[in-house]
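Fold and contact review
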Amino acid sequence: MLNARIVGCEACPRLRAHSKTVAQMKRRAYLDWEYWGRPVPSFGDEKARVLALGLAPGAHGSNRTGRPFTGDGSGEFLYPVLHAAGFASQPAATRRDDGMKLKDLWITSVVRCAPPGNKPTTEELRNCSHWLDEEIKLLRNLRVVVCLGRIAFDGLLAYEARAARLTSRAGFVFAHGAEHKLPSGLMAIASYHPSLQNTNTGRLTRAMLLKIFNRAGKLAGCEEFGMRRGRDGRD
Ligand code: SF4
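What you see is a predicted model; the values in this text were computed from it and never measured.

1. Digging into the overall build of the protein chain
Within the protein chain, the secondary structure is distributed over 9 helices and 6 strands. Whereas a compact globule of 235 residues would reach a radius of gyration of roughly 18 Å, the protein chain reaches 17 Å, a difference of no more than 12%. Projected onto its principal axes, the C-alpha coordinates of the protein chain cover approximately 45 × 40 × 35 Å. Of the contacts formed within the protein chain by residues at least 6 apart in sequence, a portion of 67% connects residues at least 24 apart.

Structure follows, in structure tokens:
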């Protein structure tokens, strides 16, 4: 099982040390938590047609809870949007065992261990890239990738280059809402990352992110999409 291998990965000494240190030190508000402190496995529906690709685990978010975007401000912004768009069974993501189920969506990131300052090095991004290759290979129904932030967008282009399909990045420009048909046949949609830096400043609003995921569902041809839009998922 791929996630079991990811959880045991030790390829980046700096990131492994940082994740463990954060897990031992803890934040005051989470002193009663046993932090995850390991590489964070991906999460979702193995039959997903849409992939949400993030940057890396948050130190006190998924590095604490062990599930992508769970337990921090980014997730508090993202999951209600996923729920409204019909991809998530509930709006609140608080812990691994909170009952959340995803439909037609898989969530992963280009780096799977919490980096200091949310900034992985080029080498760490490279180390972690083969996990993305393996995941995309396993997601046989995948059609659309929502890239949450520029680094995720670059990570997807790097995947396309590794797969020997993309020879030039010319024309593949990151901009919120930009759509790119990739040589592999996947469709990429770029979005600002739902970090507090973006959401607290209004650079990324709920309506903007909802529009992205509604569009992803539509492009992916999700069967239930008409029903999904019956919630507050109108764009
Ligand atoms: S960031 Fe990726 S490659 Fe590096 S140790 Fe974590 S899981 Fe392994």
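2. Some remarks on the packing of helix H4 (residues 73-84) against helix H8 (residues 206-220)
Any two packed helices are characterised by the angle at which their axes cross and by the distance between the axes. Packing of H4 against H8 leaves a shortest axis separation of 9 Å and a crossing angle of 50°. Considered as vectors, H4 and H8 are oriented oblique to each other. Of the two possible hands of crossing, H4 and H8 adopt the one that is right-handed. For the pair H4 and H8, contact is made by Phe77, Leu78, Pro80, Val81, Leu82 and Ala84 and by Arg206, Leu209, Leu210 and Phe213, respectively. Classifying every residue of the contact of H4 with H8 by side-chain character gives 9 nonpolar, no polar and 1 charged.

3. A short note on the site of the ligand
As a matter of local geometry, the ligand sits amid Cys9, Ala11, Cys12, Leu15, Arg16, Pro39, Val111, Arg112, Cys113, Asn127, Cys128 and Trp131. If you list the elements that add at least two residues to the shell around the ligand, you get helix H2 (13-25) and helix H5 (122-138). The element best represented in the shell around the ligand is H5, accounting for 3 residues.

4. Side note on the packing of aromatic side chains
Scanning all chains against the criterion turns up 3 aromatic pairs. Both rings, one in Phe87 and one in Phe213, keep their centres 6.2 Å apart while their planes meet at 70°; by these two values the pair is edge-to-face. Of this pair, Phe87 sits in the loop between H4 and strand E3 (105-109) while Phe213 sits in helix H8, and the two are 126 residues apart along the sequence. Here the two residues Phe87 and Phe213 agree in accessibility, since each one is buried. Ring geometry for Phe153 versus Phe174: centroids 5.7 Å apart, planes at 65°, classification edge-to-face. In this pair, Phe153 sits in helix H6 (residues 150-162) while Phe174 sits in the loop between H6 and strand E5 (179-181), placing the two residues 21 residues apart along the sequence. For the pair shown, Phe153 and Phe174 are each scored as buried. Linked through ring pairs, Phe153, Phe174 and Tyr192 together constitute an aromatic cluster. Across from the ring centre of Trp36, 3.9 Å away, lies the NZ or CZ of Arg38, which sits over that ring. Here the basic side chain of Arg203 rests over the ring of Tyr192, its NZ or CZ set 4.0 Å away from the ring centre.

Rules of the game
Residues numbered from 1 in each chain as written. Predicted model: local features only at pLDDT ≥ 70, side-chain atom pairs only at ≥ 80, totals over all residues. Heavy atoms only, no water. Helix = DSSP H or I, 4+ residues; strand = E, 2+ residues; numbered from the N terminus. Rg over C-alpha atoms; globule rule 2.2 N^0.38 Å. Contact = heavy atoms within 4.5 Å. Axes fitted to C-alpha atoms, helices over the stretch in contact; angles between N-to-C directions. Parallel < 35°, antiparallel > 145°, perpendicular 65-115°, else oblique. Left-handed = near helix turned anticlockwise from the far one by under 90°. Nonpolar A, V, L, I, M, F, W, Y, C, P; charged D, E, K, R; others polar. Near = heavy atom within 4 Å. Phe/Tyr/Trp six-rings, centres within 6.5 Å; stacked < 30°, edge-to-face > 60°. Buried < 20%, exposed > 50% of the residue type's maximum accessible area, 1.4 Å probe, protein only. Lys NZ or Arg CZ within 6 Å of the ring centre and 35° of its normal.

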